[in-house]
Amino acid sequence: MCRLLAYLGSPVSLESLLYNHEHSLITQSYRPQEMMSGTVNADGFGVGWYHAQKDTEPFTYKNTVPIWNDVNLPSLSRYIESSCVVSYVRSATAGQALDLSNCQPFQRERLLFIHNGKIDKFRQTLYRPIRSQLSDEIYQWVNGTTDSEHIFALLLNELESNPGKSLEQAMHLTLLKLKDLVERHKTNTLANLVVSDGNRLVASRFSTEPPSASLYWLQNDLTFPNSVIIASEPLFKGNWNSFPENSILSVGEDCDIRIEQI
């Protein structure tokens with residue numbers, strides 16, 4: 001299991017998102033409160049952000065060391081500002097390599113993707129069935145070995161097969177396909193997902209065997225006005241809202257929120 005954080009709104013520094021709170025993502029890496037398995041998130045981390053120039057691809061910074069041990073991130077975070085950020089700290093599933101190719105966020109062109117959860121016994125159950133669903137291009141794009149990247153590949157495949165589909169529609173179809181694969185191969189999944197194109201965030205709280213992993217959203221807090229934050233655990237005291245079970249939440253550029261059931 002991992003801990004996630006995503007932001008969309010007025011430009012802010014990475015430092016203000018990652019560090020400056022009593023239960024920040026840094027704190028959640030070594031003292032999480034709501035993880036369903038594992039005790040720390042020490043198997044790497046990643047941050048992705050978008051430049052104000054809308055036609056550029058996003059930037060990512062990743063490492064396989066625990067986030068609290070990275071000597072460069074604190075100073076970088078003070079000088080990087082963005083209106084759209086996704087980040088995560090990793091607790092690797094047993095059997096998955098501690099490798100940079102397995103660090104999130106995963107990126108393809110304008111899209112950034114993060115996942116908290118797992119597919120039970122992924123290599124023995126859905127590894128080949130998922131890959132058999134992919135086009136040659138998406139198949140060749142997959143670089144790592146995690147269930148997370150393969151779920152993103154399913155989503156990319158939906159977008160490639162249906163160019164007119166929105167991110168929300170593609171995520172909905174991806175989760176339905178994942179549910180069908182899980183049922184056919186007699187396994188289970190937890191799939192808290194976030195995907196962004198820099199202009200919007202689309203997130204899910206999903207499981208085939210409830211309860212789902214924790215996921216919250218916060219809108220227009222005094223600390224972060226004109227914004228929405230999505231997080232595995234609240235970063236500070238505020239009007240945090242828990243995602244409904246098996247739902248998709250989307251946030252537009254004006255920070256409006258829509259929630260639909262899966």
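Preceding this section is the structure that the text describes.
Remember, predicted model here, so these are calculated numbers, not experimental data.

## Describing the sheet that holds strand β7 (residues 189–196)
An order of β5-β6-β7-β8-β12-β13 is seen for the 6 strands of this open sheet, with the pairing classed as antiparallel. In this open sheet, the two edge strands, each paired with only one partner strand, are β5 (106–108) and β13 (257–261). Each strand axis lies, on average, 20° off the axis of its neighbour in the sheet, ignoring direction. For strand β8 (residues 201–205) and strand β12 (residues 247–251), the ladder comprises 5 bridges, and the chain directions are antiparallel. Note that in β12 the partner of Val 202 across the bridge is Ser 250. Helix α7 (residues 147–161) rests against β5, β6 (111–119) and β7 of the sheet, and its axis sits at about 130° to β6. Taken strand by strand, helix α8 (residues 167–184) contacts β6, β7, β8, β12 and β13, and its axis lies near 160° from that of β7.

## Overview of the pattern of salt bridges
The tally for this structure, following the rule as stated, stands at 8 salt bridges. Here Lys 179 ties to Glu 183 by a salt bridge, and the two come within 2.8 Å at their closest N and O atoms. Of this pair, Lys 179 and Glu 183 both sit in helix α8, 4 residues apart, roughly one helical turn. Residue classification places Lys 179 among the partly exposed positions, given a relative accessible area of 33%. Assessed through its relative accessible area of 48%, Glu 183 is described here as partly exposed.

## Here we look at the nonpolar core
If you look at the biggest cluster of nonpolar residues, it comprises 32 residues, and the most contacted ones within it are Leu 126, Ile 130, Phe 152, Met 171, Leu 175 and Leu 178. Those elements giving two or more residues to this core turn out to be β6, α5 (127–132), α6 (136–141), α7, α8 and β7. When residues no more than four places from it in sequence are discounted, the contact partners of Leu 126 are Ile 119, Leu 178, Leu 181, Val 182, His 185 and Thr 187. By size, the runner-up hydrophobic cluster in this structure holds 25 residues, among which are Leu 5, Val 89, Phe 236 and Trp 240.

## Side note on the sheet that holds strand β9 (residues 216–219)
Pairing in this open sheet of 7 strands is antiparallel, and the strands run β3-β2-β4-β1-β10-β9-β11 from one edge to the other. In this open sheet, the two strands that pair with only one neighbour each are β3 (59–63) and β11 (241–242). Taken together, the 4 bridges between β9 and strand β10 (residues 227–231) define a ladder with antiparallel strand orientation. Counted as the bridge partner of Tyr 216 is Ala 231 from β10.

## Points about α8
The end-to-end C-alpha distance of α8 is 26 Å, a good match for the 26 Å that 18 residues give at a rise of 1.5 Å each. By the burial criterion, the buried members of α8 are Leu 167, Glu 168, Ala 170, Met 171, His 172, Thr 174, Leu 175, Leu 178, Leu 181 and Val 182. Immediately beyond the C-terminal end of α8, within one or two residues, lies Lys 186, with a positive phi of roughly 55°.

## Description of the packing of α7 against α8
Across the interface, α7 lies against α8 with an axial gap of 9 Å and an inter-helix angle of 125°. Relative to α8, the element α7 is oriented oblique. Classified by chirality, the crossing of α8 by α7 is right-handed. Residues Ile 151, Leu 154, Leu 155, Glu 158 and Leu 159 of α7 lie in contact with α8, whose contacting residues are Leu 167, Ala 170, Met 171, Leu 173, Thr 174, Lys 177, Leu 178 and Leu 181.

## Some points on the packing of aromatic side chains
For the coordinates displayed, the defined rule picks out 9 aromatic pairs. Judged by centre distance (6.0 Å) and plane angle (85°), the rings of Tyr 30 and Trp 68 are edge-to-face. One end of the pair, Tyr 30, is in helix α2 (residues 25–30); the other, Trp 68, is in the loop between β3 and α3 (73–79), and 38 residues separate them in sequence. For Tyr 30, a relative accessible area of 39% puts it in the partly exposed group. Ring geometry for Trp 49 versus Phe 59: centroids 6.0 Å apart, planes at 20°, classification stacked. In this pair, Trp 49 is assigned in strand β2 (residues 45–49) and Phe 59 in strand β3, connecting sequence segments 10 residues apart.

## With respect to the pairing of β7
In the case of a regular strand, side chains alternate between the two sheet surfaces. Taken across its 8 residues, β7 has 8 buried, putting it largely inside the fold. Of the two faces of β7, both are covered, the one formed by Thr 189, Ala 191, Leu 193 and Val 195 as well as the one formed by Leu 190, Asn 192, Val 194 and Ser 196. The hairpin formed by β7 and β8 contains 4 residues between the paired strands, and Gly 198 there has a positive phi angle of roughly 95°.

About the thresholds
- In this numbering scheme, every chain counts its residues from 1 along its sequence in written order.
- At least 70 in pLDDT is required for a residue's local features to be given in this predicted model, at least 80 for side-chain atom pairs to be given and counted, and no such filter applies to totals for whole chains, interfaces and linings, which use all residues.
- Calculated side-chain values reflect all of the structure's heavy atoms, with hydrogen atoms and water omitted.
- Only when DSSP finds a minimum of two bridges between them are two strands counted as paired.
- The helix count covers DSSP runs of H or I at least four residues long, the strand count covers runs of E at least two residues long, and both are numbered beginning at the N terminus.
- Axes here refer to lines fitted to C-alpha atoms; in helices the fit is confined to the stretch in contact. Angles between the N-to-C directions go from 0 to 180 degrees.
- Should any heavy atoms of two residues lie within 4.5 Å, those residues are counted as being in contact.
- One speaks of a salt bridge when a side-chain nitrogen belonging to Lys or Arg is within 4 Å of a carboxyl oxygen belonging to Asp or Glu.
- Classification of residues uses two cut-offs on accessible area relative to the type maximum, computed with a 1.4 Å probe and protein chains only: under 20% is buried, over 50% is exposed, and between them is partly exposed.
- Here, nonpolar core means buried Ala, Val, Leu, Ile, Met, Phe, Trp, Tyr and Cys residues that are tied together by side-chain atoms lying within 4.5 Å of each other.
- Helix span, expected: 1.5 Å multiplied by one less than the number of residues in the helix.
- For classification, angles of less than 35 degrees are called roughly parallel, those exceeding 145 degrees roughly antiparallel, those between 65 and 115 degrees roughly perpendicular, and all remaining angles oblique.
- For any pair of crossing helices, the crossing counts as left-handed if the nearer helix is rotated counterclockwise from the farther one by less than a right angle, and right-handed if it is rotated clockwise.
- The aromatic pairing rule takes the rings of Phe, Tyr and Trp, using the six-membered ring of Trp, and pairs them if the centres are within 6.5 Å, calling planes under 30 degrees apart stacked, those over 60 edge-to-face and the rest tilted.

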